[in-house]
Amino acid sequence: MALHLIKLCVGADSIDDLRDWVARRALTAIAAGLEPHSFHITRMVPKRGEEILEGGSLYWVIKGQVQARQQITAIETFTDAEGIGRCKLFLAPEVVETAYQPRRAFQGWRYLQPAEAPRDLSALGAEDADMPLDLRRELAELGLL
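Below: a short report on this structure.

Conventions we followed
- Residues numbered from 1 in each chain as written.
- Predicted model: local features only at pLDDT ≥ 70, side-chain atom pairs only at ≥ 80, totals over all residues.
- Heavy atoms only, no water.
- Helix = DSSP H or I, 4+ residues; strand = E, 2+ residues; numbered from the N terminus.
- Expected span 1.5 Å × (residues − 1).
- Buried < 20%, exposed > 50% of the residue type's maximum accessible area, 1.4 Å probe, protein only.
- Arc of directions from axis to C-beta.
- Contact = heavy atoms within 4.5 Å.
- Polar contact = N/O pair within 3.5 Å; in protein donor to acceptor, adjacent residues only side chain to side chain.
- Phe/Tyr/Trp six-rings, centres within 6.5 Å; stacked < 30°, edge-to-face > 60°.
- Salt bridge = Lys/Arg side-chain N within 4 Å of Asp/Glu carboxyl O.
- Core = buried A, V, L, I, M, F, W, Y, C linked by side-chain atoms within 4.5 Å.
- 1 Å grid on protein atoms, 1.4 Å probe; cavity = no way out; pocket = protein on both sides within 12 Å on 5 of 7 lines; lining within 4 Å.
- Points joined across faces, edges and corners; volume = space filled by probe spheres on them.
- Nonpolar A, V, L, I, M, F, W, Y, C, P; charged D, E, K, R; others polar.

### Description of helix 1 (residues 15-31)
For step 1, the next point in the chain: When the terminal C-alpha atoms of helix 1 are compared, their 24 Å separation across 17 residues agrees well with the 24 Å that a helix rising 1.5 Å per residue should span.
For step 2, the next point in the chain: Residues of helix 1 that are buried include every one of Ile15, Leu18, Val22, Ala26 and Ala29, and no others. Buried residues of helix 1 fall within an arc of 70 degrees about the axis and therefore sit on the same side. With respect to the buried face of helix 1, the exposed residues turned more than 90 degrees away are Asp16, Arg24, Leu27, Thr28 and Ala31.
For step 3, the next point in the chain: Considering only its buried residues, helix 1 is in contact with strand 2 (38-42), strand 3 (57-62), strand 4 (65-79) and strand 6 (96-102).
For step 4, the next point in the chain: Between a side-chain oxygen at the N-terminus of helix 1 and the backbone nitrogen of Asp16 the separation is 3.3 Å; the capping residue is Ser14.

This is the structure:
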């Protein structure tokens, strides 16, 4: 089973904000003659990178709830202009909505075991997927979803 990462989606107020950011990054990649993708730069390099690259995703926490994920397609280390080691996580262009899962704020990223990862919204029953976002968020906060 693939290992996942989880991270706060700083600056995004909704999945639509995240999708807009991803679309802009994908267009920039296409303009440079590359495959459409987005990436996230972080300081820490995952030591368990091979497990992550076996199908792992970056789960995004938006407004205190895990709400979406993007598959991690590559991990690249580099040194920035200031001489600091960094890590670039390359992400698939598709943003997959997930069931809401409350998360407290934290810094950086964390590993996320497959058993702890929220299910994709498309895997939920039709009545759950069609539920209004505010109601889904409230039920998730109460632990009822």
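That shown, we press on.
### Notes on the packing of aromatic side chains
For step 1, the next point in the chain: For the coordinates displayed, the defined rule picks out 2 aromatic pairs.
For step 2, the next point in the chain: Measuring from centroid to centroid gives 6.2 Å for Phe39 and Phe90, while their planes differ by 55 degrees, and the two rings are tilted. With Phe39 in strand 2 and Phe90 in strand 5 (residues 85-91), the pair connects residues that are 51 residues apart, well separated along the chain. Each member of the pair, Phe39 together with Phe90, is buried.

### Brief notes about the pattern of salt bridges
For step 1, the next point in the chain: Enumeration over the complete set of coordinates arrives at 5 salt bridges.
For step 2, the next point in the chain: Across the pair Asp120 and Arg69 runs a salt bridge whose closest N-O atoms are separated by 2.8 Å. Taken together, the positions of Asp120 in the loop between strand 7 (109-112) and helix 3 (126-129) and Arg69 in strand 4 put the pair 51 residues apart, joining distant regions of the chain. With respect to class, Asp120 is no different from Arg69; both count as buried.

### Some remarks on the nonpolar core
One recurring pattern in soluble globular proteins: nonpolar side chains tend to sit buried together.
For step 1, the next point in the chain: Ranked by size, the top nonpolar core spans 18 residues in total, and within it Leu5, Leu18 and Trp60 carry the most contacts.
For step 2, the next point in the chain: Those elements that provide at least two residues to this core are helix 1, strand 3, strand 4 and strand 5.
For step 3, the next point in the chain: If near-sequence neighbours (up to four positions away) are discounted, Trp60 is found in contact with Lys7, Leu8, Cys9, Leu18, His40, Gln65, Val66, Gln67, Ala68, Arg69, Gln70 and Leu91.

### Details of the layout of surface pockets
For step 1, the next point in the chain: The volume enclosed by the largest pocket comes to roughly 200 Å³.
For step 2, the next point in the chain: What lines the largest pocket is a set of 15 residues, and nearest its centre among them are Cys9, Val10, Trp21, His40 and Trp60.
For step 3, the next point in the chain: Counting residues per element, the lining of the largest pocket draws most heavily on helix 1, at 5 residues.
For step 4, the next point in the chain: Class assignment of the residues belonging to the lining of the largest pocket gives a composition of 9 nonpolar, 2 polar and 4 charged.

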